[in-house]
Amino acid sequence: MKNFFIAFLGSFFAFFLLALIGIMALVGAASMAESSQKVDLSDEHVLVIDLDGEWQDKPVDPLMGMISDLLNKPVPQSLGNTMLALKAAATDDRIQAIHLKVGSPMMGWASASELREALDSLSQSKTIIATGKVYSQKAYYIASVAQDIYLSPAGFIQWQGLGSQVTYYKGMLDKLGIKAHLIRGSDNTFKSAGEPFIRQQMSEAQTLQIKQLQNDLWSSINLPLGNETLETAANEQPLLTAEDAVTYGFIQADHSLYPTQWISHADSLHGIGLNDHTVSTEDYLTALDRPVSRDRVTVLYAEGNIVDGSGSADVISDGGMKKAIDRLIKSKRTKAVVIRVNSGGGSALASDHIWHDVQRLAEKLPVVVSMGDVAASGGYYLAMPADVVMAQPMTITGSIGIFGLFFTAEDLLNNTLGLNQEVVGSHPFATFPEIDRAPTDLEQQLLQRQVDHGYNRFKNVVAEGRGLPRSTVDSLARGRVYSGSLAKQLDLIDQHGGLLAAIETAANLAELTDYRITTYKASTSPLSQFSSIFSMTSQWMNQGLSQLAESLEELEAMQGIQARWNPIKL
């Protein structure tokens with residue numbers, strides 16, 4: 001009876017909440033549209049960029065953003081929209097200054113460098129002011145373009161260098177009686193994604209490529225302070241107090257102030273009231289007049305893990321990408337496409353299917369790939385048909401390789417649990433794979449052959465797409481990742497540059513001088529959208545349902561004649 005009530009009430013509340021969200025979404029969408037029309041840019045404004053928290057490349061879906069607000073969850077910031085806002089602000093006299101509210105931005109180094117470059121290009125024409133109680137390393141890196149950097153007297157700046165941590169699971173799996181079987185391309189020494197399940201420590205190849213990445217990324221961090229000061233701070237004072245920050249030159253002596261003093265100080269220096277006439281990047285974009293041109297350069301976002309099927313809003317699915325590309329091919333207004341890739345890969349089969357669809361697109365329209373923080377493995381695979389491949393020096397890319405991973409639990413099942421499974425098959429491999437035994441040598445050879453087939457296909461795709469000899473691709477592959485700076489030297493990419501540079505390149509390929517920039521996200525099924533919404537609400541509901549279950553248990557236990565003392569909290 002108790003379980004019935006829990007299931008019934010849980011379903012009732014879930015559907016009630018989703019219905020309520022749907023109604024509020026409609027009302028909210030109307031109010032959002034109304035509020036966006038009320039943004040008046042007739043006066044001079046300060047464009048506010050809140051660096052703290054999670055960032056993603058693609059625009060935030062309005063409905064998902066509303067639900068996040070409803071559930072009191074932080075809404076991610078869109079790097080893509082921020083870049084477009086900065087592009088517009090560069091020639092907009094109504095934007096008097098840019099205010100960076102810093103903290104700890106959750107973004108990769110390539111995103112941080114892309115944002116910093118865009119801000120730096122505006123620093124000659126706009127006043128940029130950064131304020132924060134604390135600055136993470138990435139936050140200070142971005143904020144270093146500002147003319148004025150304010151830090152609370154009790155705050156600190158983090159400057160400690162680059163570090164990487166990898167968790168290894170083999171010891172835990174051994175204790176559970178579970179064994180991982182990793183099959184990599186025959187020479188994929190650097191393909192390390194599956195290593196944590198078969199090793200208890202880092203391999204030499206993994207250590208080598210991580211150190212190379214760290215060196216490349218660290219050498220790309222060029223700040224006005226100079227390398228010697230940065231190295232000294234990282235070695236001696238990784239957490240700089242306000243006094244340390246002044247001593248090392250990270251902030252000016254009179255910029256260690258409390259938030260209430262930031263405003264008056266900035267006003268005295270620049271005549272800017274940081275809290276007067278402010279506008280967020282999203283509201284600013286909404287308030288801008290739309291270009292009249294019918295020709296479009298469309299940005300297609302490919303962000304997340306690569307999966308088979310229709311997928312959800314948080315992944316790249318081959319089905320969703322196919323639908324998006326089909327529509328772009330049929331579009332009469334789209335004249336060029338920028339595919340913004342931010343993915344470490346995923347399904348090899350789905351990656352190959354997306355590669356084929358990008359190839360179809362490139363036969364019809366100019367295609368430029370803009371790599372974000374990561375465009376590796378499957379994320380690199382799908383970029384190969386593009387006319388131009390661009391990345392930031394700090395982008396992580398490459399990883400030309402394939403692996404297979406599966407688990408068996410013979411020790412757990414046979415020895416610990418005492419289970420024994422008997423099988424009968426018409427052919428030798430009829431029941432393979434089986435969870436209660438490791439693969440035989442012949443089965444291992446078959447798996448290796450399958451992985452090598454996919455690996456060779458990957459290398460052929462790269463050789464064709466990059467116009468490189470197969471022998472060169474063989475030497476660059478092996479599952480190794482590269483920084484964008486090294487990838488450019490090795491001809492794995494064409495140019496350095498971010499999203500805005502990719503859009504300009506695409507427009508030039510299409511010979512456009514007057515065009516609109518539009519964004520496009522790969523299609524997701526209504527069921528997937530429902531699933532995304534439900535997953536967000538489930539966490540909020542679980543707490544309430546848990547309390548409800550406890551109450552029902554107490555109620556059930558109180559049936560019949562009782563000899564009980566009712567506990568009271570004292």
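In this text, all values refer to a predicted model and were calculated from it rather than measured experimentally.

Draft legend 1. Local environment of the packing of aromatic side chains. Under the criterion given, the structure shown has 11 aromatic pairs. Both rings, one in Trp-109 and one in Tyr-141, keep their centres 5.5 Å apart while their planes meet at 65°; by these two values the pair is edge-to-face. In this pair, Trp-109 sits in helix 4 (residues 109-122) while Tyr-141 sits in helix 5 (residues 137-143), placing the two residues 32 residues apart along the sequence. For the residue pair Trp-109 and Tyr-141, the accessibility class agrees, reading buried in each case. A ring pair is formed by Tyr-135 and Tyr-140, whose centres lie 6.3 Å apart and whose planes are at 65°; its orientation type is edge-to-face. Grouping aromatic residues by their ring pairs yields a cluster made of Tyr-135, Tyr-140, Trp-159, Trp-218 and Phe-250. Across from the ring centre of Tyr-141, 5.2 Å away, lies the NZ or CZ of Arg-116, which sits over that ring. A cation over a ring is seen here: Arg-480 above Phe-190, with NZ or CZ 4.8 Å from the ring centre.

Draft legend 2. Highlighting the sheet that holds strand 10 (residues 278-280). The mixed open sheet is built from 6 strands, whose spatial order is 9-7-6-4-1-10. The open sheet is flanked by strand 9 (239-241) and strand 10, the only strands paired with a single partner. Direction aside, neighbouring strands of the sheet carry axes that sit 30° apart on average. Pairing between strand 4 (residues 95-101) and strand 6 (residues 127-135): 5 bridges, direction parallel. Counterpart to Ile-98 in the pairing with strand 6 is Ile-128. Strand contacts of helix 10 (residues 259-270): strand 6 and strand 7 (148-158), with the helix running at about 160° to strand 7, the strand carrying the most contacts.

Draft legend 3. A look at the side chain of Lys-459. Residue position: Lys-459 is located in helix 16 (residues 441-466). A relative accessible area of 5% places Lys-459 in the buried class.

Draft legend 4. Just the pattern of salt bridges, in detail. This model, assessed by the stated rule, comprises 14 salt bridges. Between Asp-92 and Arg-94 there is a salt bridge; the shortest N-O distance is 2.9 Å. For Arg-94, a relative accessible area of 32% puts it in the partly exposed group. Asp-352 is paired through a salt bridge with Arg-457; the nearest N and O atoms lie 2.8 Å apart. Remark: Arg-457 occurs in helix 16 and Asp-352 occurs in helix 13 (residues 348-364); sequence separation between them is 105 residues. For Asp-352, a relative accessible area of 15% puts it in the buried group. One continuous salt-bridge network, built from bridges that share partners, spans Lys-322, Asp-326, Asp-357 and Arg-360.

Draft legend 5. Here's a closer look at the nonpolar core. Grouped together as the largest cluster of nonpolar side chains are 52 residues, with contacts concentrated most on Leu-115, Leu-119, Trp-159 and Phe-250. Those residues in contact with Leu-115 that lie beyond four places of it in its chain are Leu-51, Trp-55, Leu-79, Thr-82, Met-83, Leu-86, Met-107 and Ile-142. Ranked by size, the runner-up nonpolar core spans 50 residues in total, among them Met-371, Val-451, Phe-458 and Ala-487.

Draft legend 6. Layout of the pairing of strand 18 (residues 403-408). Side-chain alternation along strand 18 places Gly-404, Phe-406 and Thr-408 on a buried face and Phe-403, Leu-405 and Phe-407 on a face that remains uncovered. Taken together, the 6 bridges between strand 8 (residues 179-184) and strand 18 define a ladder with antiparallel strand orientation. Residue pairing in the sheet places Leu-182 in a bridge with Leu-405 of strand 18.

Draft legend 7. Focus on the side chain of Ser-78. Within the fold, Ser-78 resides in strand 3 (residues 77-78). Assessed through its relative accessible area of 1%, Ser-78 is described here as buried. Side-chain polar atoms of Ser-78 contact the backbone nitrogen of Gly-80, separated by 3.5 Å. Setting aside its immediate chain neighbours within four residues, Ser-78 contacts Trp-55, Gln-56, Asp-57, Lys-58, Pro-59, Val-60 and Glu-282.

Draft legend 8. Structural detail: the sheet that holds strand 5 (residues 105-106). Reading across the sheet, the 3 strands line up as 3-2-5 and stay open at both edges, with parallel pairing between neighbours. At either margin of the open sheet sits one strand with a lone partner, and together these are strand 3 and strand 5. Both strand 2 (residues 53-56) and strand 5 contribute to a ladder of 2 bridges, which runs parallel. Looking at the pairing, Gly-53 lines up with Pro-105 of strand 5.

So, how was this worked out
- Residues numbered from 1 in each chain as written.
- Predicted model: local features only at pLDDT ≥ 70, side-chain atom pairs only at ≥ 80, totals over all residues.
- Heavy atoms only, no water.
- Phe/Tyr/Trp six-rings, centres within 6.5 Å; stacked < 30°, edge-to-face > 60°.
- Helix = DSSP H or I, 4+ residues; strand = E, 2+ residues; numbered from the N terminus.
- Buried < 20%, exposed > 50% of the residue type's maximum accessible area, 1.4 Å probe, protein only.
- Lys NZ or Arg CZ within 6 Å of the ring centre and 35° of its normal.
- Pairing = 2+ DSSP bridges.
- Axes fitted to C-alpha atoms, helices over the stretch in contact; angles between N-to-C directions.
- Contact = heavy atoms within 4.5 Å.
- Salt bridge = Lys/Arg side-chain N within 4 Å of Asp/Glu carboxyl O.
- Core = buried A, V, L, I, M, F, W, Y, C linked by side-chain atoms within 4.5 Å.
- Polar contact = N/O pair within 3.5 Å; in protein donor to acceptor, adjacent residues only side chain to side chain.

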